[in-house]
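# Reading the structure
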Amino acid sequence: MTSKQRAELKSKSNKLEPVFQLGKNGITESFIRQTEKCIEALELIKIKVLLDTSPVPPKEAAREIAEKTKSEVVQVIGGVIILYRYNPRLKKR
């Protein structure tokens, strides 16, 4: 991903609300399955990491979630993770 593409995705993500919260249970298989479905449908998603309760720091969580969902980390800022995965089927609509 180029820096120009990343900047465009960051600006699009400003309008998004977090679709999930990562809390005390950490990154479970259920969390990954739900994230996978959501990223398939939306391409660009925002995840909120509850800093007080999450056993995984945001940057580490972003890396692990991106790896398991085959997506790219656009940005991690504070307790917010922004992920992107291109879906050609969404472009056909």
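Below, the structure is looked at part by part. (Residues numbered from 1 in each chain as written. Predicted model: local features only at pLDDT ≥ 70, side-chain atom pairs only at ≥ 80, totals over all residues. Heavy atoms only, no water.)

### A word on the overall build of the protein chain
Looking only at helices and strands, the protein chain has 4 helices and 4 strands in total. Each helix and strand of the protein chain, ordered N terminal to C terminal, gives the series α-β-α-β-α-β-β-α. Considered along the principal axes of its C-alpha atoms, the protein chain spans approximately 40 × 25 × 20 Å. Residues counted as buried form 39% of the 93 residues belonging to the protein chain. Within the protein chain, residue pairs in contact and separated by at least 24 positions form 65% of the contacts whose partners lie at least 6 positions apart. Here the protein chain has roughly 6000 Å² of accessible surface; of this, 51% comes from carbon and sulfur atoms. For the protein chain, the centre of its 19 positive side-chain charges and the centre of its 11 negative side-chain charges are spaced 5 Å apart. (Helix = DSSP H or I, 4+ residues; strand = E, 2+ residues; numbered from the N terminus. Buried < 20%, exposed > 50% of the residue type's maximum accessible area, 1.4 Å probe, protein only. Contact = heavy atoms within 4.5 Å. Areas by Shrake-Rupley, 256 points an atom, 1.4 Å probe, with all protein chains shown as cover. Lys, Arg positive; Asp, Glu negative; His and termini not counted. Charge placed at Lys NZ, Arg CZ, Asp CG, Glu CD.)

### Details of the layout of surface pockets
Put simply, the largest pocket is a space of about 250 Å³. In terms of lining, the largest pocket is formed by Met1, Gln5, Glu8, Leu9, Lys12, Leu42, Glu43, Leu44, Glu72, Tyr84 and Lys91. With 4 residues, the single largest contributor to the lining of the largest pocket is helix α1 (residues 3-13). The residue makeup of the lining of the largest pocket, split by class, is 5 nonpolar, 1 polar and 5 charged. (1 Å grid on protein atoms, 1.4 Å probe; cavity = no way out; pocket = protein on both sides within 12 Å on 5 of 7 lines; lining within 4 Å. Points joined across faces, edges and corners; volume = space filled by probe spheres on them. Nonpolar A, V, L, I, M, F, W, Y, C, P; charged D, E, K, R; others polar.)

### Here's the deal with the packing of helix α2 (residues 29-42) against helix α3 (residues 58-69)
It is at 10 Å that the axes of α2 and α3 come closest, and there the two elements cross at 65°. Our pair here, α2 against α3, has a crossing hand that is right-handed. Counted together, Glu29, Phe31, Ile32, Thr35 and Glu36 of α2 and Ile65, Lys68 and Thr69 of α3 form the full contact between these two elements. (Axes fitted to C-alpha atoms, helices over the stretch in contact; angles between N-to-C directions. Left-handed = near helix turned anticlockwise from the far one by under 90°.)

### Digging into the sheet that holds strand β3 (residues 72-77)
Ordered by their spatial adjacency, 4 strands build an open sheet running β1-β2-β4-β3, and the pairing between neighbours is mixed. The sheet is open, and its two borders are formed by β1 (20-22) and β3, each paired with just one other strand. Neighbouring strand axes in the sheet, compared pairwise and without regard to direction, differ in orientation by 25° on average. Sheet topology note: the strand β2 (residues 44-49)/strand β4 (residues 80-84) ladder contains 5 bridges and is antiparallel. (Pairing = 2+ DSSP bridges.)

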